[in-house]
Every structure is written in C-alpha cells, then in structure tokens.
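# Working through the structure, step by step
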There are 2 protein chains.
Amino acid sequence: KGNILKCMDGGGIVLLRTTSNNFLDIWDVNMLRRPDEVNTPQHSTHLYASDHLIVRRGQEFQLKVTFDRPYKPADDQFAVEFIIGGSPQFSKGTYIPVSVAKDRQSPWAGRVVDSTDNVVTVGITPAPDCIVGKWRTYVAVVTPYGIRRTRRDESRDLYVLFNAWATGDSVFLDDDDEREECVLNEVGVIYHGAYDDMSERPWNFGQFDYGVLDACLFIMDKAAMPITNRGDAIKVARKASAMLNSHDDDGVLVGNWSGDYTYGVAPTSWTGSTEILLNYSSSKTPVCYAQCWVYAAVFNTFLRCLGIPARVVTNFYSAHDNDGNLKTDVILDENGRIDKHRTKDSIWNYHCWNECYMSRPDLPQGFGGWQAVDATPQETSDGMYRCGPASVQAIKHGQICFPFDAPFVFAEVNSDVVFYSRNPRDGTLEPVKVNSSHVGRMVVTKVPGQDARRDITDQYKFPEGSPEERTVLEKAEEYGCHREKATPPEADVELDMPLMEVRVGDDFELKLEFNNTSDQARTVDVYVSGNVVYYTGVTSSEFLFKTPRVILDPKKAEKLVMEVRSQDYMRKLVEQANLHFIATGKVKETGQIITSMRVVTLHTPKLSVEVSGLAKVSEEMMVTVEFTNPFKFNLEDVYVRVEGPGVMPPKYKHYR
Amino acid sequence: KGNILKCMDGGGIVLLRTTSNNFLDIWDVNMLRRPDEVNTPQHSTHLYASDHLIVRRGQEFQLKVTFDRPYKPADDQFAVEFIIGGSPQFSKGTYIPVSVAKDRQSPWAGRVVDSTDNVVTVGITPAPDCIVGKWRTYVAVVTPYGIRRTRRDESRDLYVLFNAWATGDSVFLDDDDEREECVLNEVGVIYHGAYDDMSERPWNFGQFDYGVLDACLFIMDKAAMPITNRGDAIKVARKASAMLNSHDDDGVLVGNWSGDYTYGVAPTSWTGSTEILLNYSSSKTPVCYAQCWVYAAVFNTFLRCLGIPARVVTNFYSAHDNDGNLKTDVILDENGRIDKHRTKDSIWNYHCWNECYMSRPDLPQGFGGWQAVDATPQETSDGMYRCGPASVQAIKHGQICFPFDAPFVFAEVNSDVVFYSRNPRDGTLEPVKVNSSHVGRMVVTKVPGQDARRDITDQYKFPEGSPEERTVLEKAEEYGCHREKATPPEADVELDMPLMEVRVGDDFELKLEFNNTSDQARTVDVYVSGNVVYYTGVTSSEFLFKTPRVILDPKKAEKLVMEVRSQDYMRKLVEQANLHFIATGKVKETGQIITSMRVVTLHTPKLSVEVSGLAKVSEEMMVTVEFTNPFKFNLEDVYVRVEGPGVMPPKYKHYR
C-alpha cells in the first residue's frame, strides 16, 4: 500500500500518510495554549509571554486531537509521545509514550477526558520528577502496517517546569503566599547598606518576559548539562550557581569590583534581569558587569522562571575568605594601630545570595526546605566558582558535613573577628580581642506579598550567646571549622561609634564614645581611620587618620567628636558609597586593646517618578523623573536609566 | 653602626651583617640532610633522590646552627623561621617562627638538643597538620637594633610531607606492613583482565626518583591550589583527582580510548610514572595518553610521594554512566536479540582507581580510613572530571549522603544489569531479567609486602544476597539511587558460557551450556554475538553472529559448541585484546528471556627477562629480553620498551 518508513529522532518510525482509511488519521493536534483555554491558568503559567504551551509537572494538562473519524476505544490505539534532547531513550526518561488505554501503564498518566465527534481531549500528567525543559510532542496511531506518527511541528513544543503546587514534586511548597511571591512575583526588593541603616533596591526579575525562559534553558545547554539531570532541582540549582558567573565556564555575568566599568554596564545601573539574560542568550558571551546583588537577582529570575521557589537574601557583615576557618583576622601593631599590610581577610558590608526551596533526598531527613545558593564568585567551591545548595536548616544546626558548601555559608554568618597584636620582635601574634557578634549581624529578605522586609537571621542561627549557639559552634568545629580558642580579657574601657545617617555630600560629625568602667583613671591612645570602602569591605582609600589621646576619669564616659567634611571623602568616592571607620586603641595603664567599627552608608538623593495623564492601553503616557542635586557644584555627565516592566524596555538618557 | 634595613618575603626584615659582635652572629646553618645523618632515616625519607632535606610533619627533625661564639640561653635569643608561599602570614600558617626558649609557645615545637662550642643542634617538630610542600628556612637573632636574619639560601629549603607514622597526622596509619607498602614501596602490580582470569601489570611508581616530588608539587601549583589548603589530605586528594586528567584544567594525562595513539605514547606502553610526571612538569602541558590504570598508577605515585598512604585497586565489571542510577540497561528486541542502537550504557570489564588512607574530620565519626579516589575522567563529578575522596566504609553501608561522589562509586560496584524487552509497537520497555551479581564482581589490590593479590570486595559490600546487602541497597535508595523494582520471574532454562583461557592467535571453542530445569520440552532461539571490545566495555566490532535453535528435553542439559578461528578476530583486535560474548534467547514455550555474558581475555605471549653477568656497582650488565611469536605469520614493526627502576631510564627499541 505504498507505506514509506523513515527514521526519526533516533526513536521511532514515521509512516507517511497513506490512502488507507481503515485506521485513525490525525488531522490536527491542539495544545490548548491560549490564556483563555484550560491549561495555563490551572498551571499558573498564563503570565509567561510565549508562543508555546507551558505547564508544570505532576499536574494534568489537556490537548485536543482531531481525527478523520470518531475515536473507537475498543478498536483504535493511539499514543501521545514526548521527546526531549538529541538521543531519546525510554529508559532515560527522554522518550515518553503516553497511552490512553486503561490497561497500559505510562510513565506520564494519560486519559481520555472527552471524545466528541472526531475530537478527543486527552489529559496528560507529566511525572512529578520528569525532566524540565522543552519537549517535542507527537501523536502516534498504531496500525497493522506499523506506527503512524505526526511530523515535527514546532508549535506543539511543550515546556515542562518544576511545580511548587504539586505534592509529588521535589520543589513542592505548601504555602500559598510563599508560592505567589517566590515563583510568580516578577518584581522584588533587594536590601543593602547597613543592618541598622538599610537601603532598598527594587528589581524587575522579569521571569515571564518573552525569551527569558528560553534564555534560562540556554544556560543549561551552554553548560552542557546532561538532559537527564534537568529534572533534579538540586543539580539544576548547583549548576546554575556555577553558570551565573563567567568564571570557569563562560557563564552569564562578569564580576567587576574595580570601579572602572568603561567596557560594560556598571553593576549599579541594572534595574532588572531581562536585558542581561536576553543579551547573554543572543550573544552567547558573558555580560559585563555584575556585583553580588546582580548575580543574586539574575539567579532568582532563573530559578523562578523554571518554577523553583526562590528568594534573594542579604546578610549584613558577611565574612569572606574564610576557607573553612571561622576567623577573620585583624592585625594590630604593638601600639594598637591596624597593620593594613598584614590584614588580608575582609568582611563584606553586606552580601546577597539566594535561597531556593526543595526537598533533599540526597541527605538524611530534616534538611529539605530552604537551601542557600550563591552565584557570586568568592571562594572556589570545590574548584569552581559556585556555592550550594546548602541546607539552611543544616547550617543552623552546625550539621555542615553534608553537601554542598555548608562550611562556607556557615562561616559567612558565624565567623569571629579576631584582633591580634603583633610582636614586632619575632612576628608572633597574640589574640587581644574576639568579636563574635559582628559577622552575620542580620539576614533579611522580602515579606511575601508585601513591600516589607523580614528578619530571617533566626533561620540561620540561634540567638547570640544562647546555649544552642554554643552547641552549634562546637558541632561545626567537629567538622573542621577552626575557631579562635583564646578568650582575651575584656578591656575595662568601652568604645562605641554610634549610628549616623548621612547623605552624599554632607559634612558630618563622627562621634567616639568612651566609657571607663574601672575605678581608676585611664589613658587611651586612639587610632581613628576613615576609609572609602567597596561594599565588599575592600578599602579603596583612606581619607581620615587621627591619633588622639583620651584621658578618662574613673567610672566616667567621654565623647570625642571629629569633623568629617564632604571635600575629604567626595573626591575618593567609589560606587555604592560607603565610609568605613575603624577605631582602635591601647589602654596605657593595662595594655588592653579596644576596638570599634562603623559603616556609614552615604544615602544618594531620592529619585521621584511621576506619571502624568491616564494610563490607557495603546496610548502614550508621560513619566517625569526628578531629583535634587545635593552638592554645591554642578553635575555633569549624568546618565538616567528607566525601565518599565512589561511597559517599556530599558532606556538610557545622557545629560552633559 | 651602618645597619641596612631591607624588606624580605613580604614578611620580615633583613639586617645585613654588621661589625658589632656583642650579639650572636650566624656562621652556618646545616640541615643535616645526608642519608648518613640523623634526619632522613628517622623520617623514612632517605630513599628520595633530592638535594634538600625532606621530613614528615608531626615528628622532630634536627638542624645545626653554628654561631660566632657559644650560645648563652639566658642572654641570647634566636629563632628558626619557616616560610611557604608568596605572602607569608603567621595567622595563615605560612610563616612559622620557632623559638627554642622554654617560655615561648611556637606553632612548631622547638628545643635545643645540644649546644657544644659554637654549635647548637636544634630539634624542630612541624605541627602534624601543617602545610605540606617546600618551605624556606631562616635563622633570626634578636638584637636591640632589630632582627638579624640569614639570607635566603636555597640549599636550606625544607620539604615537609604527610606523615603516616605520626599519630597526630590525619593520614596516620597504624600498621607497619601497610605503611611500608602504601607509602614506601616504589613498585607495584596493577590487576586487570577478568575476575576469574586475572592478569598482572607491574608498575614502577618511582615516587622517590629525582624530580618527582617537585613535579607533584608543581601539579598543585598548576591547579592554583591555595597554599593554605595543602595541609589538608582530603583537599589534596580531591584536587589531584581533578588534576591528574587533562579535562577542564590542563592536568597531567590525556585520556585516549580510540586505539589511535599516533601523537603520543599508547597507554599500554607505559611501565612507570616517573617519565610521565617529569615530562608534565617540564613541558607544563598534558602528556599523551592514558587509560584508567595509567591514571591510577600516576595518582598513586603522587599520593605516596607526598606521604599519603595509597594503593591501586581494580574493580571487575565496573558499572559506568550510572548518573546516580543503579541500573545498566540492555535493550532486547521482541525476539530476545540485543538492540545495539538502544543499548547505550556500558560496563567496563575492569576499572582501576585509588584508595588513600586518611581521617575524615569533615564527616561524622566512623568514615575515616580508606577513601576511594579516581582520576579517570568518566562522569563529571559536580561539573569537573574527578571523583572522591569517598569513604569506602560509607559506601559499604550505603551512607552515600556524605561528600564526595559516594553515589557514583556505590553504583560502580552495586549496579544491576537490567535486560528489557522492547515493545516494537509503542516503544515501551518491559524488564525481563535482572542480574544483580554481575557488576562489582570482585575488587582486588596487592598484598602489602608480597607479590600477591588480595580480594577486598568485602570492604566495598556485604556478601551478595545477605540481609545486610539488602539493607544497604535500601539505604542507598533513600539517598536517591534508583533501582529496578521489577523482579521478572526466573526462566526455567539456564544458560552459561564457561571460562576459557585463550592466547592471542589461538583458535578456540566457545561453549554454551543449556539446562532445562522444567519437566517439559523447551525450544530456545539463541542469538550469539562475539565482539572485540575495549576494556571499557565499548564494542569495537562484531566478528561472530549466530542464531542457532536449541531443543531441550525435559530436565535435560545440552551443550552447544562454536568454533572461533583466530582469523575471525585477529584483524579486528584493538589493544588490551578482549573478546566479549553475549548470548540471549527467548524460550518459545514460555516467552521467557535467558541471557549470558562472557569476557575472554586474550593472553599475550610472556616476555622473559634474563640478566647475564654480575650486578656490580658502576659496571655494565647485559639484559636479554625474549619472547616467542605465537602467530603463524611474521611480526613487523615491533616496539620494545625497557625500564629499570633506579638503574636505567626508559629505553625504546624498534624492530622492523
């Protein structure tokens, strides 16, 4: 009868259309992908701008097959087939034939929902652990001459995502508000600045924007991630933490903390992820430039876009370069002055990373839930720039023997700052002060459904000084996190630098408050150093250095006030204008060392955005952006970058 | 007095020699590095061919300092200083001042062993967890004008190694025989072939050869491994498992399983590690070519050279490409014939990896001891080609949730071979036979101190079929290793292909033994396929295919004999000549599937080596190498490669 056999997809056989009509002939396959059709609202995927059907696994979707005549269950046999990747194999889960016959078990359940005239509505439930990505859809009819299968039709391609709503999915999250926020919210806020003087950075995650889903899948392709691993949320998150930065693997974003962004976009200029992801997937080369919040924001887009619940968190005073060591060392000379040459570790003023929600079948029970992942290149985790997923619950309990990179995250929130006095004669170091409450001062994230922040420090650690905290630190030590054992005596003179709110361009006063708790007089030689620092804690330049001597009567407090003029620091400012003051001193009578640190966030002028005219579909609107120059001089070369999520792509304006 | 200050090493201060003689003046520092001096015999490092002192950490060594006058403990103060890396820091353990004064604590203990005339013998005990590598030695004298320090003198450089003899060291191994073998033995045997027909490959590890220690340290430099990590045996072993292969990181050896070694040395040609390591460290580019035993052998040299106890193990029938999955799939068509197109996983006839001995402070107690590490690039572990260290004890008990790569090693020894019958109509697969005893058939290593092999299968798993084994497999499943759940009924016809010993060039008989255990007649259609395979299990080409029908009387056994002629397979041979026979069949009456597999190792002719004349120092010796051509044709283009560990570097001879 003139049947022509042809190999297709490495998988099955195509039988070209014949004239025989004893068997079902397929006229049309409709994926029901319009937002007003049944699938996307039920799968919470109606927000994606896409030409294809997007569904979440572990949940039924429907498609309509139109035959040349009514379907007769007793006589006719047909299957819907799904194929992903280059060499589909049933046993690898990359070739999925779905039968609607009652007596057949398919890896994805199939059933006839309705059969009217020539049209059969088929319900298909992808397995809750199936591969996430872009599948190709075929319908095959069994005939005595072989299998009759539809040809490849791109419009029938099907995206299958992780499903936080499906109990069987490893990313199942049993909380409506959290799901709405951490999967479906396209905009968010990233916190930065200082824990007691926080700033907000609004961000357009844009996970539903046209092309973003393809860009996210491209990232895994670029990493040559095996198709068979792409249903595993742990592996997807870990791979992405490596791929979001360009180190090792030509990943998405190039880090740059230098202050010179001539050949790219300054990290502070980005307002959303869409442009970055589309740029990467079209150019196939890393995008310039990022710092931690950009990595975290784009990572967040990636995770939400694929359906893994995710949020950005900010840790204030994040220890860095710990290398499994729970100490950040500050070296003082014999007079109590910081030895900058020998002080190499740094504490980031803040650091952003991500949390994603998933079960951890690879670990003992109890460590599922939120997992810390971090795409910012800091230390190399296990030889590559990536970090996590590390169970937040495991970190809280010091159970850092489980993968991945838990000791690193543990150190970021738990390190001690140890001040050493260096003996100039033989170079030995003696610990003189241990500050165990500075690092990991506060961890925050956005409240689901609200424009407010939530302190989640208690999810990472027990209260400072509690017996549980001590137990956890001991547990972590068992697993090789080394701590400073010395407990040098507390000095009987206290030193504090209280919080200041300062705007860029302000002159202001730096206050040092001394308190002599002893009943004897005390003389303190103080070294006060003011530095412009990057948010990473790395010093750019020193703009203030003073060495006052303070004499304290018994049981008396003293206040020392220093004038800081804008001209002192303005010329040395780098982006993310932070000033870091560190005061150290030696009490003459006792030899004890006192220290205090203060980060001053320089607040930039507020931009006001005003919309004039009615917001009407397909009519133009006016947006007025205004800000007041806080300086005593004229501003030149001002760039303004405006983005309207879903309304207007990013626009730049330059004012000479 | 004309003192000149100068910065040195980023660390201290050099005071050039002055005329003042009130203070100690250093005339000489003697590292006592000759084999007849005190240090190297005590540290078991006398075998190293080196110009420098080599010691093991956690154990005292001595050096002699000659001053201009006798040392007076009450008045004089001096210290021996050790520095490693580019930016020495006390707090990082890269700058170690050792004082001999009783009232001073040094990170490395120091004491005066003897003080005679102007010569002070100092005993120094490097910390048992100190950094392993090449340290620079200085002696410093404290004077009122500052510190007076010797200049850099390369001959005083000190190599500090891991110490299997020191209780405080993480690689402490409390067994004399094992230490002798796994640290100090320069030669060894690597097993290959088949578990029931094993061959031996002698290997010259050469860890004490001149330049090998420097080459091993260069590997860590090339990997840019932080100096501060180099005291951690876990990190050193893991890093090396990545660096021994050239994937990702331009590591030591390029893998090649193609059979075409035109641009390098064939893997089978190597007889030792020295040439490979020296070649790599001088050219700084990967060496061509390796297969698993070459990776394992060179890795072994690396570990033993640095003092980490190590051995090469061979696993017979090693599952591959498991990807956390405990199945190797063989797909049969509806007639019971193998569908080669759809059978993609492979089982290596054997696979070699390494074990190294160390404590695991990063894991809960009980998982120290032997750790599996593997430098052969198979799957990417965590995105890089490397594997381990994975606790062998944890693998045995299914505790595969701990780092590193335990699920992968677990699958190598525990996978099931699952035969599926493929339904040609809809492509679904039905498991028809599960063979759970094929993979990980036997794990062997060399007996310490003897030229004999030791079966260490019981260190990797409990006996096949024991209740413990079942528990372990269930445990591993909890951690995400998926197994085949189906238990298809055993066929009532048994099929076996018994062992054959065959030499290259032999004609031989392949026997198929059938046994009908039922009380009815059985008809079996059999497919017998004979293939030349690489040791990786990958088929090179088929040289035999037969489809006999066998008729069995009730309760009767039958034998089927097939002639295999050398001309059938000789032309298709690849190196490591293995023949793989697989017989599958379908019992006509019951539809049951029967299978059997047999690897035939083709034994190559034995080389005999004879030494004539007396072996006398600095006199020439004659070595006669002989072998008999087993073929019926003349041999052309024969290469002979001879190496005499410690006697003669590798030599090639070519016979046209």
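This structure is a prediction, so every number in the text was calculated from the model and none was measured. (Residues numbered from 1 in each chain as written. Chains lettered and ligands numbered in written order. Predicted model: local features only at pLDDT ≥ 70, side-chain atom pairs only at ≥ 80, totals over all residues. Heavy atoms only, no water.)

## Quick notes on the environment of Cys288(A)
All names here are of chain A. With respect to the helices, strands and loops of the structure, Cys 288 is situated in strand β16 (residues 287-290). A sequence separation of 137 residues divides Cys 288 from Arg 151, and the C-alpha atoms of the two residues are 42 Å apart. Discounting residues that sit within four places of it in the chain, Cys 288 has contacts with Val 254, Tyr 263, Gly 264, Val 265 and Trp 270. (Helix = DSSP H or I, 4+ residues; strand = E, 2+ residues; numbered from the N terminus. Contact = heavy atoms within 4.5 Å.)

## Looking at unusual backbone geometry
In this chain, Gly388(A) is followed by Pro389(A) through a cis amide linkage whose omega measures 0°. Mapped onto the elements, Pro389(A) comes out in strand β21 (residues 387-391). Omega for the peptide link from Pro403(A) to Phe404(A) comes to 0°, which places this bond in the cis form. At Lys284(A), a residue that is not glycine, the phi angle is positive and equals roughly 60°. Following the sequence through the fold, Lys284(A) ends up in the loop between α5 (274-283) and β16. The phi angle at Tyr317(B) is positive, at roughly 60°, despite the residue not being glycine. Within the secondary structure layout, Tyr317(B) lies in strand β17 (residues 310-319). Assessed through its relative accessible area of 8%, Tyr317(B) is described here as buried. (Buried < 20%, exposed > 50% of the residue type's maximum accessible area, 1.4 Å probe, protein only.)

## Points about the sheet that holds strand β5 (residues 61-67) of chain A
Residues and elements named next belong to chain A. Strands sit in the order β3-β5-β9-β8 across an open sheet of four strands; the sheet is antiparallel. Lying at the two open borders of the sheet, with one neighbouring strand each, are β3 (26-30) and β8 (109-116). Along the sheet, successive strands turn relative to each other by an average axial angle of 25°, direction set aside. Sheet topology note: the β3/β5 ladder contains four bridges and is antiparallel. Along β5, the bridge assignment pairs Asp 28 with Thr 66. (Pairing = 2+ DSSP bridges. Axes fitted to C-alpha atoms, helices over the stretch in contact; angles between N-to-C directions.)

## Considerations on the pairing of strand β33 (residues 578-587) of chain A
Residue and element names in this part refer to chain A. Within β33, nine of the 10 residues are buried, which leaves the element mostly enclosed by the surrounding structure. Of the strand pairs in this sheet, strand β29 (residues 522-533) and β33 are connected by 10 bridges, and their pairing is antiparallel. Each residue of the ladder has a partner; that of Asp 525, found in β33, is Lys 586. As defined by bridge partners, β33 adjoins strand β34 (residues 593-603) across nine bridges and the pair is classed as antiparallel. Residue pairing across strands places Ile 582 opposite Met 597, the latter belonging to β34. The hairpin formed by β33 and β34 contains five residues between the paired strands, and Gly 591 there has a positive phi angle of roughly 75°.

## Focus on the packing of aromatic side chains
Residue and element names in this part refer to chain A. Overall, the coordinates contain 41 aromatic pairs over all chains when judged by the stated rule. These aromatic residues form a ring-pair network of at least three members: Phe 61, Phe 82, Trp 108 and Trp 135. Directly above the aromatic system of Phe 218 lies the positively charged group of Lys 284, at a separation of 4.9 Å from the ring centroid. Over the face of the ring belonging to Phe 462 we find Lys 396, whose NZ or CZ atom lies 4.6 Å from the ring centre. (Phe/Tyr/Trp six-rings, centres within 6.5 Å; stacked < 30°, edge-to-face > 60°. Lys NZ or Arg CZ within 6 Å of the ring centre and 35° of its normal.)

## A few points about the state of the cysteines
Residues and elements named next belong to chain B. Counted by the stated rule, this structure contains zero disulfides over all chains. No disulfide involves Cys 182; its sulfur sits 11 Å from that of Cys 356, the nearest cysteine. Left without a disulfide partner, Cys 288 is nearest to the cysteine sulfur of Cys 292, which lies 18 Å away. What makes Cys 288 partly exposed here is its relative accessible area of 23%. (Disulfide = S-S within 2.5 Å.)

## Digging into the environment of Ile338(B)
All names here are of chain B. Position of Ile 338 among the secondary structure elements: in the loop between β18 (327-332) and β19 (347-358). When the C-alpha positions of Ile 338 and Ser 421 are compared, they lie 9.2 Å apart, and in sequence the two are 83 residues distant. Excluding residues within four positions of it along the chain, Ile 338 makes contact with Val 330, Ile 331, Leu 332, Thr 343, Ile 582 and Thr 584.

## Thoughts on the domain arrangement of chain A
Residues and elements named next belong to chain A. What the domain assignment lists for chain A is domain 1 (26-161), domain 2 (183-479), domain 3 (493-601) and domain 4 (608-655). Centre-to-centre separation of domain 2 and domain 4, based on C-alpha positions: 32 Å. Taken together, the contacts link seven residues of domain 2 with five residues of domain 4. For the pairing of domain 2 and domain 4, the buried interface totals around 540 Å² over both sides, and the portion due to carbon and sulfur atoms is 40%. Of all residues in domain 2, Asn 204, Thr 271 and Glu 275 bury the most surface against domain 4, accounting for 65% of the area lost on that side. Summed over the shared surface of domain 2 and domain 4, the number is zero residue pairs in polar contact (both at pLDDT 80 or more). Split by residue class, the side of domain 2 that touches domain 4 holds two nonpolar, four polar and one charged. (Domains from an automatic or database assignment. Buried area = accessible area lost by both parts, 1.4 Å probe. Polar contact = N/O pair within 3.5 Å; in protein donor to acceptor, adjacent residues only side chain to side chain. Nonpolar A, V, L, I, M, F, W, Y, C, P; charged D, E, K, R; others polar.)

## Overview of the UniProt feature "active site" (unreviewed entry) in chain A
Residues and elements named next belong to chain A. Here, the residues flagged by UniProt with the feature "active site" (unreviewed entry) are Cys 292, His 351 and Asp 374. Over a stretch of 83 residues, the named residues converge on one spot in the fold, their C-alpha atoms separated by at most 9.8 Å. Mapped onto the secondary structure, His 351 falls in strand β19 (residues 347-358). Overall, the relative accessible area of 0% leaves His 351 in the buried class. The contacts of His 351, once residues within four sequence positions are left out, are Cys 292, Val 313, Thr 314, Asn 315, Ser 318, Asp 374, Thr 376, Gln 378 and Glu 412. The exposure class assigned to Asp 374 is buried, which follows from its relative accessible area of 2%. In this view, Asp 374 contacts Ser 241, Phe 299, His 351, Cys 352, Trp 353, Arg 386, Cys 387 and Glu 412; residues no more than four positions away in its chain are not counted. Reaching out from Asp 374, the side chain makes a polar contact with the side chain of His 351 at a distance of 2.8 Å. (UniProt positions renumbered as here; feature names shortened; annotations may be inferred.)

## Observations concerning the pattern of salt bridges
Residue and element names in this part refer to chain A. Inspection of the entire model under this criterion finds 45 salt bridges over all chains. We note a salt bridge from Glu 478 to Lys 475, for which the minimum N-O separation is 3.5 Å. Placement of both Glu 478 and Lys 475 in helix α10 (residues 467-478) is noted, with a separation of three residues, approximately one turn of the helix. With a relative accessible area of 24%, Lys 475 lands in the partly exposed category. Bridged by salt links that share partners, the residues Arg 34, Asp 36 and Glu 37 form one connected network. (Salt bridge = Lys/Arg side-chain N within 4 Å of Asp/Glu carboxyl O.)

## Regarding helix α2 (residues 176-184) of chain A
Helical geometry note: an α-helix holds 3.6 residues per turn, so side chains three or four residues apart project in the same direction. Every buried residue of α2(A) is accounted for by Glu178(A), Arg179(A), Glu181(A), Cys182(A), Val183(A) and Leu184(A). By the N-cap criterion, in which a side-chain oxygen at the helix start approaches the backbone nitrogen of a residue two or three places on, α2(A) is capped by Asp175(A), the distance to Asp177(A) being 3.0 Å.

## Side note on a negative patch on the surface
Residue and element names in this part refer to chain A. Taken together, Asp 174, Asp 175, Asp 177 and Glu 180 make up a surface patch of like negative charges. Following the sequence through the fold, Glu 180 ends up in helix α2. Overall, Glu 180 belongs to the partly exposed group, its relative accessible area being 46%. (Patch = residues over 30% accessible without salt bridge, like charges linked within 9 Å, V, L, I, M, F, W, Y side chains within 5 Å. Areas by Shrake-Rupley, 256 points an atom, 1.4 Å probe, with all protein chains shown as cover. Lys, Arg positive; Asp, Glu negative; His and termini not counted. Charge placed at Lys NZ, Arg CZ, Asp CG, Glu CD.)

## What about the UniProt feature "binding site: Ca(2+)" (unreviewed entry) in chain A?
Residues and elements named next belong to chain A. Within this structure's numbering, the places UniProt gives as "binding site: Ca(2+)" (unreviewed entry) are Asn 414, Asp 416, Glu 464 and Glu 469. On the basis of their most widely separated C-alpha atoms, the annotated residues across 56 residues gather in one place, lying no more than 13.2 Å apart. Here Asp 416 lies in strand β22 (residues 416-422). If sequence neighbours within four positions are ignored, Asp 416 has contacts with Leu 326, Lys 327, Thr 328, Val 434, Asn 435, Ser 436 and Arg 483. Within the secondary structure, Glu 464 sits in the loop between α9 (457-460) and α10. Not counting chain neighbours up to four residues away, the residues in contact with Glu 464 comprise Ser 436, Ser 437 and Glu 469.

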